[in-house]
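Observations on the three-dimensional arrangement
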Amino acid sequence: MNIVLAIVLMLLFAAVGCGVGYTYRRSVTEKRIGRTEEYAQKLLDDASRKAADIKKETEIEAKEEVLRLKTKLDEEIRTRRNEVQHAERRVNQREEALDKKMDNLERREETLNQKSEQTQKLYAEAEELRDKQSKELERIAAMTQDEAKQMIIGHVQKDAYHDAAALVREIEAKAKEEGEKKARNIIALAIQKCAADHVAETTVSVINLPNDDMKGRIIGREGRNIRALETATGVDLIIDDTPEAVIVSAFDPVRREIARLAIEKLIQDGRIHPARIEEMVEKAKKEVDNQIREAGEQAVFETGQHSLHPELVKILGRMRYRTSYGQNVLKHSIEVSHLAGLMAAELGADVQLAKRAGLLHDIGKAVDHEQEGSHVQLGAELARKYHENNDIIHCIQAHHNDIEPQTVEAVLVQAADAISAARPGARRESLENYIKRLEKLESIANDFAGVEKSFAIQSGREIRIMVKPEDVTDEGTKVMAKEIAKRIEQEMEYPGQIRVNVIRETRCTEYAK
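Rules behind the numbers
Residues numbered from 1 in each chain as written. Predicted model: local features only at pLDDT ≥ 70, side-chain atom pairs only at ≥ 80, totals over all residues. Heavy atoms only, no water. Helix = DSSP H or I, 4+ residues; strand = E, 2+ residues; numbered from the N terminus. Buried < 20%, exposed > 50% of the residue type's maximum accessible area, 1.4 Å probe, protein only. Areas by Shrake-Rupley, 256 points an atom, 1.4 Å probe, with all protein chains shown as cover. Core = buried A, V, L, I, M, F, W, Y, C linked by side-chain atoms within 4.5 Å. Contact = heavy atoms within 4.5 Å. Axes fitted to C-alpha atoms, helices over the stretch in contact; angles between N-to-C directions. Parallel < 35°, antiparallel > 145°, perpendicular 65-115°, else oblique. Left-handed = near helix turned anticlockwise from the far one by under 90°. Patch = residues over 30% accessible without salt bridge, like charges linked within 9 Å, V, L, I, M, F, W, Y side chains within 5 Å. Salt bridge = Lys/Arg side-chain N within 4 Å of Asp/Glu carboxyl O. Lys, Arg positive; Asp, Glu negative; His and termini not counted. Charge placed at Lys NZ, Arg CZ, Asp CG, Glu CD. pLDDT = per-residue confidence, 0-100. Pairing = 2+ DSSP bridges. Nonpolar A, V, L, I, M, F, W, Y, C, P; charged D, E, K, R; others polar.

Some words on the overall build of the chain
Each helix and strand in the chain was counted, giving 15 helices and eight strands. For the chain, the proportion of its 513 residues judged to be buried stands at 29%. Surface accessibility of the chain: about 35200 Å² in total, with carbon and sulfur atoms responsible for 52%.

So, the nonpolar core
Burial of nonpolar side chains together is a common tendency in soluble globular proteins. In this structure, Leu308, Leu316, Met319, Leu330, Leu360 and Ile363 are the most contacted members of the largest nonpolar core, which totals 41 residues. Sorting the residues of this core by element identifies α7 (274-303), α8 (310-318), α9 (329-347), α10 (351-360), α11 (375-385), α12 (390-398) and α13 (408-422) as the ones contributing at least two each. The biggest single contributor to this core is α9, with eight residues. Ignoring sequence-local partners within four residues, the contact set of Leu330 consists of Ala295, Ala299, Leu316, Met319 and Arg320. With 27 residues, the next largest nonpolar core counts Val246, Leu261, Ile277 and Ile292 among its residues.

Considering the packing of helix α5 (residues 224-233) against α7
Orientation of α5 relative to α7, taken along the N-to-C sense of each, is 30 degrees, at an axis distance of 9 Å. It follows from the interaxial angle that α5 and α7 lie roughly parallel. Both α5 and α7 take part in a crossing whose hand is right-handed. Residues Arg224, Asn225, Ala228, Leu229, Ala232 and Thr233 of α5 form the contact with α7, whose participating residues are Pro274, Ile277, Val281 and Lys285.

Thoughts on a negative patch on the surface
The grouping of Glu95, Glu96, Asp99, Asp103, Glu106, Glu109 and Glu110 at the surface amounts to a negative patch. Relative to the helices and strands, Glu110 is located in helix α2 (residues 26-141).

Considerations on the confidence of the model for the chain
Of all residues in the chain, 84% have pLDDT values of 70 or greater, and the mean over the chain is 79. Between residues 197-201, whose pLDDT stays under 50, and residues either more than four places distant or in other chains, the model counts 17 contacts.

Points about unusual backbone geometry
With phi around 55 degrees, Glu222 is a residue other than glycine that occupies positive phi space. Considering the arrangement of structural elements, one finds Glu222 in the loop between α4 (213-219) and α5. Positive phi is not limited to glycine here, since His387 has a value of about 60 degrees. Its location among the elements puts His387 in the loop between α11 and α12.

Looking at the sheet that holds strand β6 (residues 451-457)
Picture the strands of a sheet paired through backbone hydrogen bonds; they go either parallel or antiparallel. Judged by pairing direction, the sheet is mixed, and its three strands sit side by side in the order β6-β7-β8 without closing on themselves. Two strands in the sheet have a free side with no partner beyond their single neighbour: β6 and β8 (499-504). Taking the axes of each pair of neighbouring strands and ignoring which way they run, one obtains an average angle of 15 degrees across the sheet. Both β6 and strand β7 (residues 462-467) contribute to a ladder of six bridges, which runs antiparallel. When the bridges of β7 are listed, Val451 appears paired with Val467.

With respect to the packing of α7 against α9
A pair of packed helices is captured by two measures, namely the crossing angle of their axes and the spacing between those axes. One way to put it is that α7 packs onto α9 with a least axis distance of 10 Å and a crossing angle of 15 degrees. Compared by their axis directions, α7 and α9 come out roughly parallel. The crossing of α7 and α9 is right-handed. In contact with Ala295, Ala299, Glu302 and Thr303 of α7, α9 contributes Leu330, Ile334, Ser337 and His338. Residues of the contact of α7 with α9, tallied by class, amount to four nonpolar, three polar and one charged.

Concerning the pairing of strand β3 (residues 245-249)
Regular strands show a simple pattern: their side chains alternate between the two faces of the sheet. The buried fraction of β3 is high, at five of five residues. The two faces of β3 match: Ala245, Ile247 and Ser249 on one face and Val246 and Val248 on the other face are all buried. Here three bridges tie strand β2 (residues 236-238) to β3, and the two strands are oriented antiparallel to one another. Of the residues in β3, the one forming a bridge with Leu237 is Val248. Where β2 folds back onto β3 in an antiparallel hairpin, the turn is made up of six residues, including Glu244, whose phi is positive at roughly 50 degrees.

Quick look at the side chain of Ser337
Here Ser337 lies in helix α9. Residue classification places Ser337 among the buried positions, given a relative accessible area of 0%. Setting aside its immediate chain neighbours within four residues, Ser337 contacts Thr303, Lys355, Gly358 and Leu359.

A word on a nonpolar patch on the surface
Taken together, the side chains of Leu5, Val8, Leu9, Leu12 and Phe13 make up a nonpolar region of the molecular surface, amounting to roughly 500 Å² of accessible area. For Leu9, the location among the structural elements is in helix α1 (residues 2-24).

This is how it looks when you write it as structure tokens:
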């Protein structure tokens, strides 16, 4: 095809050339026409021959390709046929194997049916024999089968109950002995490591005077100086016959401290008049504020709780001038922090959490005289206000059993609070309140039926109860102890814990004659 096109193009070019030659040289063109026609004819013949050769070659190649593809297809067909035949043989083999298995299963099913029939016959015979034996046993024992079962079950239950009760008592006694021993060791170790000073505050402060003439100057003309002091500080000044002494009386220890410092400064200065009194009272207030801040910082430093909010530190310092049963609240809080931390370390609990909760457990006492609510509620609100951990808030709420303690640290803070409050000399109670508490303990115990006598001992730390053995069983003593302890918790307020001992004693007396 290309050759034909080339020939056509050549003819076109020749024609164009002829035209051009004819235009310029007509005579020359006429002479060459003959030769050009011959050449063109020759080229046309050559192109025809080449086209015929190319056609033959193409036909030969096409036939060879068709033959090759046919041969390949035949081979694939033979291969597929072989695979299909192989698969058919395997299917036939599997069908033969399945037929054999089905025959075996049918034979086994027949065998099993025969055995099942034999088993049912034997079972029926055994049931019949058992019924005969049961009837014979009922006839001999004069007791029905259900009655015999109930009798056996009753004996077994009674024996099992007795054995279980004995085992429970043994386990409880062993666990209690080991638990008390370990608890005593932990508490003793904690108390041994924590040796805090006991500070007992009163509601009065005594100021020593250089001479008795100073009393008159403090009173002032017509009592104006003493009135100015009492008005500025909010305390009562008692000036009596006590030589060279003035007594400052106030239930607010902060006011009492401000008054004491102001009077001492006035005595040192020597100028005592209303204007000077107001000036010294203001200086004393600033000095007490600094002491409160320093006391809070010192408490934080001693317990290692440096991340407290600054306002909490300031409120903590105010507890330096607060007392509970004569015990300094700040010293008590520091001691509780140390005790709780030491016991937490022994038990593998969170030491820092226990120490922080111990330090803050009575924080509400710093503001309970200014706001409504118990010191537990106020302490929890303060901790929540200054973004303390929920575990800290829980320890504060649980340290007087206002809520049930849910964490080990809460229990440890509760125990440390009781230890600090119950240590000898830590707190001071009036004799009248002490006697009333002992009488209340004995009264609660005597209200229970079966109690013969009760004795409050160990300074009210233990109540010992003697019961009538004919009215109270051994199991009943344990129930009575729990009920008495629960009633004491509900009706009384006391530091630490009270041990309830219920004793049942049986005495048999005979005389040999």
